[in-house]
Amino acid sequence: MSEQIDERLRTELQRQGVWVTSMQDLYNWGRKNSIWPLQFGLACCAIEMIATAASRYDIARFGGEIFRPSPRQADLMIVAGTVTKKMAPQIVRLYNQMADPKYVIAMGACAISGGPFKQGYNVLKGIDRYIPVDVYIPGCPPRPEALLHAFMELQSKIDSQKLTGAHKAVHLDPKQPSEFPVPTFGKHDLEPPGNPVVFQPPKIER
Amino acid sequence: MTPNPYLFIVIFVGVALAFPLIPLALAWIWRRIFQPSKPGPDKTSTYECGVESIGDAQIQFHSQYYLYAIILLLKRFAGGLKRK
Ligand code: SF4
């Protein structure tokens, strides 16, 4: 089944006033314009997230203003702030409870790597150790424009996802997991310290 | 000839059934063709704040609590009346 439309043919038809679409385009168009984020903030970055949702930066222009208080209704998890080791199991569990398709934006240096608290004993060194992250935003804190940019990047990612075939989207593939193991509190650290399925850091060779 | 006045009720019932059933049917078809469901212990758990629930949901409150509930109710009522 070939559901791809030739781009040139489509432009030519549009010039004649004929609009054609495919199931995949329609599906992705609907999804990318109604991303509902999960409503939670962890630290200072959350203030910037709130500013993005308020009227000055107005994330509603992108269809993402409906912050949901329940993971069952959310499509996007914006990890905005420092993830402490105490908080990490809850974040992973909330991610697991979100319905497919689900996406993650790691906002700020803390969510990416631990940020200014990287050397601390109690801060997780990046949420991507446990859940797959789609878009990373560097900055401490990133400006609301940066979050909007990440949102647009996510939209273009959703737009490029395939409905069928070998490279179809993760949530459409029955073999891909939708839940990831929740870490537990160990003696000194979270156990396991990372999920090898999603976290494969490059090996440093000296 | 005027239509049977009960006909409207029949039409309304039909519309009321079609509104929820058509999206549900579309979602079911979509799931069968494209999107496999992936249930799991976390995803299907009842509580959704990120913390695992402990114990049983079918607990009994102490009967002393009933008094507090009544007082709270009274206060809310009285507050509502005062504002009027
Ligand atoms: S990245 Fe900076 S602004 Fe964001 S949560 Fe961490 S310390 Fe706060």
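Reading the values: rules and limits
- Residues numbered from 1 in each chain as written.
- Chains lettered and ligands numbered in written order.
- Predicted model: local features only at pLDDT ≥ 70, side-chain atom pairs only at ≥ 80, totals over all residues.
- Heavy atoms only, no water.
- Contact = heavy atoms within 4.5 Å.
- Buried area = accessible area lost by both parts, 1.4 Å probe.
- Salt bridge = Lys/Arg side-chain N within 4 Å of Asp/Glu carboxyl O.
- 1 Å grid on protein atoms, 1.4 Å probe; cavity = no way out; pocket = protein on both sides within 12 Å on 5 of 7 lines; lining within 4 Å.
- Points joined across faces, edges and corners; volume = space filled by probe spheres on them.
- Nonpolar A, V, L, I, M, F, W, Y, C, P; charged D, E, K, R; others polar.

Student: Would you explain the interface of chain A and chain B in this entry?
Tutor: How big an interface is tends to be stated in terms of accessible area lost as the parts join. Listed by partner, the interface residues are 26 residues for chain A and 17 residues for chain B. Here chain A and chain B share an interface that buries about 1700 Å² over both sides, 50% of which is from carbon and sulfur atoms. On the chain A side of the contact with chain B, Arg72, Arg93 and Glu179 of chain A bury the most area, a combined 31% of that side's loss. The tally of links between chain A and chain B comes to three salt bridges. Between Asp100 of chain A and Lys43 of chain B there is a salt bridge, and its shortest N-O distance comes to 2.8 Å.

Student: Just to check I follow, could you spell out the layout of surface pockets for this structure?
Tutor: With a probe scaled to a water molecule rolled over the atoms, the places where space remains empty come into view. In this model, the largest pocket occupies a volume close to 340 Å³. As for the largest pocket, its lining consists of 17 residues, of which Tyr95, Pro132, Val170, Pro177 and Phe180 of chain A are closest to the centre. Its residues placed into classes, the lining of the largest pocket shows nine nonpolar, four polar and four charged. Approximately 230 Å³ is the volume attributed to the second largest pocket. Surrounding the second largest pocket, Tyr27, Arg31, Ser34, Ile35, Asp75, Asp100, Pro101, Tyr103 and Ile158 of chain A together with Trp30 and Gln35 of chain B form its lining. Class assignment of the residues belonging to the lining of the second largest pocket gives a composition of six nonpolar, two polar and three charged.

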